[in-house]
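Structure at a glance
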Amino acid sequence: FFFPATMSAFDASLLEWVYEFAQKNFMLVFAICMLLYRVYQAQQPFPETGGRVEAVHDDDELDAKLKKAKDNKQVAVVDFYATWCPPCKAAAPRYGAMSEEMPDALFLKVDVDKCKAAAQKHGITAMPTFHVFGADGDKFDSVRGADLAKVKKLVSFAVDFQNKKDAETEKDK
């Protein structure tokens, strides 16, 4: 163990005691470090989503926005997230970027702690969970976890399906 030359004998003995304690009680020290990290992490602000993502602030607002998307024959994507969830924090900026890349879909985000009834109504048990709603208003599919590549594929498929449906409708006229 290396001690700087300017360290007093008391400081050296204290440091030696801490080192021995940490070796003997590794799990306790690890648990304390994890607890401190969680406290620090919880104090960090939720990153801005950006893009064309619309925040939903209450349960009725989600229903209204989904109804509007259905009336406009627009695919809707809903990100059910929690501000304390690390994968949600990591996915937020990428979700915002995806909304810029896919202008034909409506992108929403719902804080499950603020909109508990909406989260319960849609069966949210893990965060983040992404629900993709078809242009007919029915749930197309969902993705549990921060797999945004899969979400992007689902949204692309739903938008393409709606575009083909619209083209057939125009052709029949």
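Above this text sits the structure in question.
Sequence order as written defines residue numbering, which begins from 1 separately in each chain. In keeping with the model being predicted, local features are shown solely for residues with a pLDDT of at least 70 and side-chain atom pairs are shown and tallied solely at 80 or more, while totals for entire chains, interfaces and linings include all residues. Values reported for side chains reflect all heavy atoms of the structure, with hydrogen atoms and water molecules removed beforehand.

Considerations on the overall build of the protein chain
The condition that has to hold: A helix here means a DSSP run of H or I that spans at least four residues, while a strand means a run of E at least two residues long, and both kinds are numbered starting from the N terminus. With the radius of gyration taken over C-alpha atoms, the globule rule is written as 2.2 Å times the number of residues to the power 0.38. Only protein chains enter the area calculation, which uses a 1.4 Å probe; residues under 20% of their type maximum are buried, those over 50% are exposed, and those in between are partly exposed. By the convention used here, residues are in contact when the closest approach between their heavy atoms is within 4.5 Å. Surface accessibility in these figures is a Shrake-Rupley result with a 1.4 Å probe; residues are shielded only by whichever protein chains are displayed. Charged residues are defined narrowly, with Lys and Arg counted positive, Asp and Glu counted negative, and His plus the chain ends left uncounted. Lys charges are placed at NZ, Arg charges at CZ, Asp charges at CG and Glu charges at CD.
For the protein chain, the count of helices and strands is six helices and five strands. The helix and strand sequence of the protein chain, counted from the amino end, reads α-α-β-α-β-α-β-α-β-β-α. Taking 2.2 N^0.38 as the reference for a compact globule, 173 residues should give roughly 16 Å; the C-alpha atoms of the protein chain span a radius of gyration of 24 Å, well beyond that estimate. Principal-axis analysis of the C-alpha atoms gives the protein chain an extent of 90 × 30 × 25 Å. Relative to its 173 residues, the protein chain shows a buried fraction of 33%. Restricting to contacts in the protein chain with at least 6 residues of sequence separation, those with at least 24 account for 69%. Carbon and sulfur atoms provide 58% of the accessible area of the protein chain, an area that totals close to 11100 Å². Between the centroid of the 23 positive side chains of the protein chain and the centroid of its 26 negative side chains there is a distance of 3 Å.

Let's talk about the packing of helix 4 (residues 86-101) against helix 6 (residues 148-172)
What counts is decided by this rule: The convention used is that axes are lines fitted to C-alpha atoms, helices contributing only their stretch in contact, and that angles between N-to-C directions extend from 0 to 180 degrees. An angle below 35 degrees is read as roughly parallel, one above 145 as roughly antiparallel, one from 65 to 115 as roughly perpendicular, and any other as oblique. Handedness of a crossing follows from how the near helix is turned relative to the far one, being left-handed for an anticlockwise turn of less than a right angle and right-handed for a clockwise one. Each residue is assigned to one of three groups, with Ala, Val, Leu, Ile, Met, Phe, Trp, Tyr, Cys and Pro labelled nonpolar, Asp, Glu, Lys and Arg labelled charged, and all others, Gly among them, labelled polar.
Where helix 4 meets helix 6, the closest approach of the two axes is 11 Å, and the angle between their N-to-C directions is 25°. Put simply, helix 4 runs roughly parallel to helix 6. Where helix 4 crosses over helix 6, the two elements pack in a sense that is right-handed. Between helix 4 and helix 6, the contacting residues are Ala91, Arg94, Tyr95, Met98 and Glu101 on the first element and Leu148, Val151 and Lys152 on the second. When grouped by side-chain class, the residues that make up the contact of helix 4 with helix 6 number five nonpolar, no polar and three charged.

Concerning the environment of Gly50
Here Gly50 shows up in the loop between helix 2 (26-43) and strand 1 (53-56). Between the alpha carbons of Gly50 and Ala92 there is a distance of 8.2 Å; along the sequence they are 42 residues apart. Once residues lying within four places of it in the same chain are set aside, the contact partners of Gly50 are Gly96 and Ser99.

A few points about the packing of helix 1 (residues 9-24) against helix 2
Orientation of helix 1 relative to helix 2, taken along the N-to-C sense of each, is 95°, at an axis distance of 5 Å. Taken together, helix 1 and helix 2 sit at an angle that is classed as roughly perpendicular. Every residue of helix 2 that contacts helix 1 at Phe21, Ala22, Gln23 and Lys24 is listed here: Phe26, Leu28 and Val29. Here the residues of the contact of helix 1 with helix 2 are counted per class, giving five nonpolar, one polar and one charged.

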